[in-house]
Each structure stands twice: as structure tokens, then as C-alpha cells.
Amino acid sequence: MKKRSFLGASALALVAALGSTAVLAQDVFKVGLIVPMTGQQATTGKQIEAAVKLYMAQNGDTVAGKKIQLIVKDDTSIPDVTKRLAQELVVQDKVDVLAGMGITPSAFATAPIATQSKTPLVVMAAATSSITLSSPFIVRTSMTLPQTSSPLADWAAKNGIKKVVTLVSDYGPGIDAEKFFTARLTAAGGTVVESMRAPMRNPDFAPFLQKVRDLKPDALFVFVPSGAGAAVMKQFQERGMDKAGIKLIGTGDLTDDDQLNGMGDVALGVVTSMQYSAYHPSAKNKAFVAAFKKANGFRPNFFAVGGYDGMHVIYEGLKATKGQGGEALVNAMKNLKWESPRGPVSLDPETRDIVQNIYLSKVERKDGELYNVEFDVIKDVKDPGKAK
Ligand code: PHB
């Protein structure tokens, strides 16, 4: 009798314990952030992690009654690693959202996992246009290369740049940039006299730049992924290209705020098109940059803003669904509109890509530091890669 009641009590205690764990698990909302923290793309991981943590510090870690738990994983920008980590996060950690994605191949490797497990995937960096087509569970808060490169072609054509050589990294975003820049420049009466593609991993730009010197175009258009811009700039200068009268233009990945201030005078005057500059003069951005610098000791770049806004869509999406994840969360996220440090933005519910201003900027020295200083804006640009 005594034994039975003892068992009964322990069974009850077990039920109570299980019950409370169940409630606890239900109240936790896990975000699995996969970014490159080491290797060639490490600056992207550093920027995104810092911004995600800043957003959480500023907005608290409880949303719609759920405690947000952030799990950060380093995929070293190797897509097989990204895939394995995404599988582990979904199966073992049971994350509610996957996020990050420093490069295009990582996003493509993760897309089928998001679809199969019905886990929303917030792409905060990778920028090949077709990524959002690879899973209905993807929303993207960075940009697409057609979106950033097309306005620059229009600007070039209007500013006496007729003959251009393009140099891009030989993978998804580079090919998008080459294709859309060329189509727009050609439509406006300009010509691309040579299209060059450099390897994505460990590129040596010297032989390409030598060829550009020989071709003597009005301008060289460059796309390289965040982190590679300083090497291009250094070799551009070493070959005396700036003095040979060849203008350097590109998407803002080239004059990335993470590296820009260390590039030196060779960067002065370089014209780029991008959705974000740390020098963007809005009150929202000034507060963001000040808080980011205070927390991290370095300047935020466009991917930091992709991470910050990525957390924003998770938080606001969760508020709208009252804490529900999965498909309901994707549906809530894709209808959001907000003010970002980059300016006014919204998600396009049809493509789940971000609609945003694209700014034309010129590198100038301001308060002793190099910045992309905006001089023109094309408002509310949708991804031209998805135009029907
Ligand atoms: C990409 O791999 O999609 C990517 C990476 C870095 C960039 C832009 C695009 O700056």
C-alpha cells in the first residue's frame, strides 16, 4: 500500500514535470542562425550576428508570449556544411526559424530543408535573384543583384559612360549582376566590350585588371561579394588604372562599409548603387549606427542591416500570428512594411523579396573617414529578376 502510493506520487510528479517541460518548450521560439564566422566570408557572419544580437538587446527576447532563443552556427561558407547544420537545427534542436545564409550556394543548399520541414527561412545576405523561387518558406531581407545593378547602368548611360568592361565573381550573384547591368546599359545605348568572370574562391584580380587596362573602357563595372572589395581596390591602384582614366563603378558590395575606411584614397570618387550606406542620413540610421558601433566597435554594413531587418520580420511576424510559426509566420512576414535603417522597405508578398530604395553613392571623406555618400535615389525598387 505504502509502495503503491509512493509510486503514484512519483508518477504524478513525473506528469507534472513533463507537463511543465511541455509548456516551457511551447513558450520558446528557436531561431537557428547559420552564417560564415570563419573563412573567406567571415565578415558577413560577424556583421549579421552583431546586428541580430543588437536587435534582440533593443527589443527584448520575449515576443507574443514566446522567449526567443538564438542558436548561432558557423558554416564556414561551405554549402555542404550549411546543409548539415540546417538539418541538425531542424531535427535535433527543433528550431522554428532558420536564418542567415551568407552566400548563394548556402541558401540553395538549405531551401529544400525549409520546404520539407515547413520551417521559415529568413535569408539575410545571399542575393541571387532566384533564391526565393527555391522554397515558398523563404523570405529575404538583403537584396538581389538585379535590383542593385540595374539602376547603376541607367546612371552610367546618362553620365557619358558608353564603353564598359564588366568583372564579376563567377557564381549566381555575379552572373545576375553581369546580365542585368549589361541589358540595361545596352538598352540605353552603351556597350559592354568584354565580360570577365573571376573565380569566387581565392580570386586573383591582377590578370583581369591587366586586360581591362589594355581595353581602355570608359569604366570598369565590378561585382565581388562582401569582403573581396579591398583586394580589387588595391590591385586597381597597383596597376595604375585610376590614373589611366578608367572609372571604377560597381554595386555597393565593392565599397562595403566593413572595409571601406581601410581602402585609402583609391576609393575616393568610386560610384556605386546599393540599398544601404552607413552614412544614410535618416534619424533611424544614425541611431542604428551609433548603437551598433557602441556595442561592437565597428561600422555596420549592408548585411548587418539585412540581419537587423531579418530579426524585425521574425518579431513582427510573430506578433501578427500571436506566436504561431510555420506557414502562418511566412504569410505574416511577407506582408510587412517598416522603416529600416536603410530607409522605407516592404516585403513583396508575391516574391517574398524586399522592396527598397536603391541609392547611388560616391565615396567621399567625411569627418576623416571614407563613406558611401548618397547623391541620388530610385525609390521602391522591386527585384527586376522576377519581372514578368
Ligand atoms: C551571395 O553569395 O549571394 C552574395 C554574397 C555577398 C554579396 C552579395 C551576394 O555581397
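Below you will find a few notes about this structure. Predicted, not measured: the structure shown is a model, and the values here were computed from it. (Residues numbered from 1 in each chain as written. Predicted model: local features only at pLDDT ≥ 70, side-chain atom pairs only at ≥ 80, totals over all residues. Heavy atoms only, no water.)

The next thing to look at is the site of the ligand. Taken together, the neighbourhood of the ligand is formed by 15 residues, with T104, A127, Y171, S226 and D253 sitting nearest. A distance of 2.5 Å separates an oxygen atom of the ligand from a polar atom in the side chain of T104. Contacts to the ligand include S226, whose backbone N or O atom sits 2.8 Å from an oxygen atom. Here the ligand has 280 Å² of accessible area as a free molecule, and 100% of this is covered by the chains. Grouping the amino acids of the shell around the ligand by side-chain chemistry returns 10 nonpolar, four polar and one charged. (Near = heavy atom within 4 Å. Polar contact = N/O pair within 3.5 Å; in protein donor to acceptor, adjacent residues only side chain to side chain. Areas by Shrake-Rupley, 256 points an atom, 1.4 Å probe, with all protein chains shown as cover. Nonpolar A, V, L, I, M, F, W, Y, C, P; charged D, E, K, R; others polar.)

Our next topic: the pattern of salt bridges. Under the definition given, this model contains 19 salt bridges. Taking the shortest distance from any N to any O, the salt bridge between E316 and K319 comes out at 2.9 Å. With a gap of three residues between them, E316 and K319 both fall in helix α10 (residues 302–321), about one helical turn apart. Linking D383 and K386 is a salt bridge whose minimum nitrogen-to-oxygen distance equals 2.7 Å. As far as the burial class goes, D383 and K386 line up, both buried. Three or more residues joined by partner-sharing salt bridges are found here, namely R140, D353, D383 and K386. (Salt bridge = Lys/Arg side-chain N within 4 Å of Asp/Glu carboxyl O. Helix = DSSP H or I, 4+ residues; strand = E, 2+ residues; numbered from the N terminus. Buried < 20%, exposed > 50% of the residue type's maximum accessible area, 1.4 Å probe, protein only.)

For the rest of this paragraph, the subject is the environment of P300. For P300, the location among the structural elements is in the loop between α9 (283–296) and α10. Overall, the relative accessible area of 0% leaves P300 in the buried class. C-alpha of P300 to C-alpha of A51: the two residues are 249 residues apart in sequence and 7.9 Å apart in space. Apart from residues no more than four positions distant in its own chain, P300 is found in contact with Q47, D257, Y276, A278, F288, V289 and F292. (Contact = heavy atoms within 4.5 Å.)

Reading across from one edge, β2-β3-β1-β4-β5-β6 is the order of the six strands in this open sheet, with mixed pairing throughout. Of all strands in the sheet, those with a lone pairing partner are β2 (62–63) and β6 (138–140), marking the two edges. When β2 meets strand β3 (residues 66–74), the two strands line up antiparallel, connected through two bridges. Across the sheet, residue T62 finds its bridge partner in β3, namely K67. (Pairing = 2+ DSSP bridges.)

This next bit is on the packing of aromatic side chains. Considering all chains together, one arrives at nine aromatic pairs under this definition. Plain terms: the ring middles of Y279 and Y371 are 4.8 Å apart, the flat faces sit at 40° to each other, and that makes the pair tilted. Of this pair, Y279 sits in the loop between β11 (271–274) and α9 while Y371 is found in strand β15 (residues 369–381), placing the two residues 92 residues apart along the sequence. When its relative accessible area of 29% is taken as the criterion, Y279 is described as partly exposed. Ring centres of F288 and Y308 lie 4.6 Å apart, and the angle between their planes is 55°; this geometry places the pair in the tilted category. With F288 in helix α9 and Y308 in helix α10, the pair connects residues that are 20 residues apart, well separated along the chain. By relative accessible area, F288 is classed as buried at 2%. One cation-aromatic arrangement involves K46 over F298; the distance from NZ or CZ to the ring centre is 4.5 Å. (Phe/Tyr/Trp six-rings, centres within 6.5 Å; stacked < 30°, edge-to-face > 60°. Lys NZ or Arg CZ within 6 Å of the ring centre and 35° of its normal.)

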